[in-house]
Structure formats: C-alpha cells, structure tokens
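Fold and contact review
Okay, here's what each chain looks like letter by letter:
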Amino acid sequence: MVERPHKPSSLPNTAAAAKSAGPQPTVDISDDNARVTARLPSGESVTVLLYGATVISWKNADGTDNLWLSEKAALDGSKPVRGGIPVVFPVFGPPPSNHATSSLPQHGFARNSRWEYLGKSTSEASAESERASTAAGGADSSSVKLDFGLYSSNLSPEARKAWPYDFGVVYSVTLGPGSLQTAVNVRNEGDKAWEFQVLFHTYLSVKDISKTHLTGLLGVTYTDKVLSVPSATESTASLPITGETDRVYKAIPQSTTSVVVDGAPRFDVVRDNLPDTVVWNPWKEKAAAMADFAPDDGYKSMICVEAGAVAEWTKLEAGDTWEGGVTYRSLL
Ligand code: TA6
C-alpha cells in the first residue's frame, strides 16, 4: 500500500511495552455485550455500540462530549442511531434506482447491522515518555485502538439478498489524547468486482450553531441538496450555518476541514483517502419532523461534518482491499 499522509495508524500490542509502561488504557465490554468503552489514563473515553459499530460518545478528559447524540436516539438496535458516528456503507443517501445497491435502505446496511468486536491494541505511554510528558505539562501520550468487523455472513437475510456480494469490513476506532480516528479496511472477498460508497456520518457537538463556521472549503465544488443545485463553488472561506444545510463537497484538495465556534477553533477534521465531505444541519422544521431527533432545538447544538468517498463509486476487484479514514481533533 503506498504510504499516505494521515494513513490510519496501527498500534503495537506488546506485552513488553505494557510491563514498562505507566498507567494503561482500559477497555470494558458492557454486561449486555452491546457496547465497548475505552478509557485513557488521562480521562478521555470513547463508547461504541456494536449495533452499527456506532460511536455514541467521545469525551474529553473533563467529560465534555465532542459528539451530539439525540435524547431520543434508539440505542437498543431497533433503528440507526440519531447522533454519534453512524457508519455509512455500501451506499450513501437514497440508493440509485438502477444500481446494485438499489434495494438497500438509505445509507446502506452498516449502521443497522450488528458488528463483531475484534479486540483492542494499545500503545501505552512508556514510563519515561510518561514522565517526560508530565514534566513538560503535556498530556498522556497513550492511545487505544478498537477493531470491529462486519462480513457478508453477519448480514440479515434481507440485506444479503439486497446486496449479494462477499465482503469484509474492519473498522478501527482509535482514541488518542485529544483525538479520535475512525478508519475502514474494505475487502472484496468474492470472485466478482463490486462498487461502494463509504462515509462517517459524524454529529459534532457545538455550543451554538449561530456562532459556528466551517473553514477549509473555499473554492470547493459542491452539490446543494436543499437548493437543488447540482454544482456550485464555495465562495466563502468561513462558512456560517444559518439554515437547513445539506451539501456534498467533492474532491476537496486539502485534507482538513475545521469547525470554528465563537471565533475559536473547535474541531479539525482530517481526511485520509476520503475525498469528500458532507455538511448537514436539518434546522428547525426538519429537526422537528424527525421523531428520534430531540430536543427539537437540538439543531442549535450540532453540525454534521461527514468525511467520505461518496461523490463517486469506488470499485473493488475480487480480492482487492481499500482503506480510508478520518481523524477528529478536539481543540478545546
Ligand atoms: O448526510 C446528510 C443526509 O444524507 C441528509 O440528506 C439527511 O437525510 C441525513 O443524511 C440523515 O439521514 P438519516 O437516514 O439518518 O435520517
């Protein structure tokens, strides 16, 4: 695989390192085997629902949750989660009618399938780096990677029938000091080529949408699904969100989109091999019309910045593998 900037990292899982390390990350599986929570010694945490492999919480050391989760989000596996980071695969949006995905639900089956927890790998801060980091007033440098798997065999009979291709997806969620990385490794396990779209439908929490701007999109071509404009060019270096917004920014030349709140950088969203970003806020009417979107004025506290490969289809030949991911940096 050609080396790429921001390539999803793989962490060592060495017992030797653990022996010499300081306090280590922890990983807990809930009693009902429905969710996995990882915590860093510095206090950051991430919780992943096995249903949809949906990240439902990503907290800073002070307990601030970086993700927005609807108060009426279904967390019992009855429907896709409204909030957090739903995984969109193998199709984004309503499937096209004349396509292999046409019988799938909107946004595909990944977000409403039960994934397998494959395990963790941690990079413990070694004692000396811990001391050095603490002495320098820096944060703990440990991180933890959680792996989840979804395979053709995991699909419901309906989904399998609707999309009868052999595939495997390994989804890695890596919690680091001040960052969360989500990355997929998609493999064609069958004997014939197929094509897919993938996207992380990330609901970022912001304290006030009226004071929120997005930067890094100037000059980028986008489709505006609210105004039904198939192709426009972003003319604003700092995009405010002042109403219903549903835009697919395509082939973005730079890897980082940033969220600025009240003039201060709040998030960096750094894409790796994901050329597109969807920006979505349902605003007042659409929010009120969604039964699982609560509170009704929750649109004032969230912005979806969704990194993906969705403007085109990615074709995978038999036996081929594809990787892509995104790193969110919390800049609080
Ligand atoms: O990512 C934006 C979008 O495609 C919007 O058009 C809206 O449909 C949103 O996703 C939510 O979709 P969902 O199926 O989760 O209600």
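Quick notes on the rules
- Residues numbered from 1 in each chain as written.
- Predicted model: local features only at pLDDT ≥ 70, side-chain atom pairs only at ≥ 80, totals over all residues.
- Heavy atoms only, no water.
- Helix = DSSP H or I, 4+ residues; strand = E, 2+ residues; numbered from the N terminus.
- Buried < 20%, exposed > 50% of the residue type's maximum accessible area, 1.4 Å probe, protein only.
- Contact = heavy atoms within 4.5 Å.
- Areas by Shrake-Rupley, 256 points an atom, 1.4 Å probe, with all protein chains shown as cover.
- Pairing = 2+ DSSP bridges.
- Axes fitted to C-alpha atoms, helices over the stretch in contact; angles between N-to-C directions.
- Salt bridge = Lys/Arg side-chain N within 4 Å of Asp/Glu carboxyl O.
- Phe/Tyr/Trp six-rings, centres within 6.5 Å; stacked < 30°, edge-to-face > 60°.
- Core = buried A, V, L, I, M, F, W, Y, C linked by side-chain atoms within 4.5 Å.
- Polar contact = N/O pair within 3.5 Å; in protein donor to acceptor, adjacent residues only side chain to side chain.

**Notes on the overall build of the protein**
Assigned secondary structure in the protein consists of four helices and 21 strands. The 332 residues of the protein split such that 54% are buried. For the protein, the share of sequence-separated contacts (at least 6 apart) that also reach a separation of at least 24 residues comes to 68%. Per element, the accessible surface of the protein, about 14,000 Å² overall, is 50% carbon and sulfur.

**Description of the sheet that holds strand β1 (residues 26-29)**
Across the sheet, which stays open at both edges, the four strands sit in the order β1-β2-β3-β4 with antiparallel pairing between neighbours. The open sheet has two free edges, formed respectively by β1 and β4 (54-59), since each of these has just one partner strand. In this sheet, adjacent strand axes meet at a mean angle of 15° when their direction is disregarded. Bridge analysis of strand β2 (residues 35-39) against strand β3 (residues 45-49) gives five bridges, and the strand direction is antiparallel. Bridging from a neighbouring strand, Arg39 pairs with Ser45 of β3.

**As for the pattern of salt bridges**
Per the stated rule, a full pass over the model turns up 11 salt bridges. Between Arg187 and Glu189 there is a salt bridge, with the nearest N and O atoms lying 3.4 Å from each other. Put simply, Lys79, Arg82 and Asp292 are held in one network by salt bridges that share partners.

**Focus: the sheet that holds strand β17 (residues 256-261)**
On the basis of which strands lie adjacent, the open sheet formed by nine strands has the order β6-β7-β8-β9-β21-β18-β17-β12-β15 and antiparallel pairing. Taken across any chain shown, the strands that pair with only one partner, and hence form the sheet edges, are β6 (116-123) and β15 (238-240). Along the sheet, successive strands turn relative to each other by an average axial angle of 20°, direction set aside.

**Concerning the packing of aromatic side chains**
Within this structure, the stated rule accounts for 22 aromatic pairs. Between Tyr222 and Tyr249, the aromatic rings sit 4.9 Å apart at their centres with planes inclined by 40°, giving tilted as the arrangement. Taken together, the residues Tyr222 in strand β13 (residues 221-224) and Tyr249 in strand β16 (residues 245-249) connect sequence positions 27 residues apart. Both residues of the pair, Tyr222 and Tyr249, belong to the buried class. A connected cluster of aromatic rings, assembled from ring pairs, spans Phe89, Phe109, Trp163, Tyr165, Phe167, Trp194, Phe196 and Trp322.

**Some details on the nonpolar core**
Counting 75 residues, the largest nonpolar core has Phe89, Phe148, Tyr171 and Ile303 as its most contacted members. Looking at this core element by element, the count peaks at seven residues for strand β20 (residues 302-316). Core analysis: the second largest hydrophobic core is formed by six residues, Val88, Phe92, Leu199 and Val310 among them.

**A look at the side chain of Thr277**
The residue Thr277 is located in strand β19 (residues 276-281) in this model. At a separation of 3.1 Å, a polar atom in the side chain of Thr277 contacts the side chain of Arg271. Not counting chain neighbours up to four residues away, the residues in contact with Thr277 comprise Arg247, Val248, Tyr249, Ile252, Thr257, Arg271, Val305, Glu306 and Ala307.

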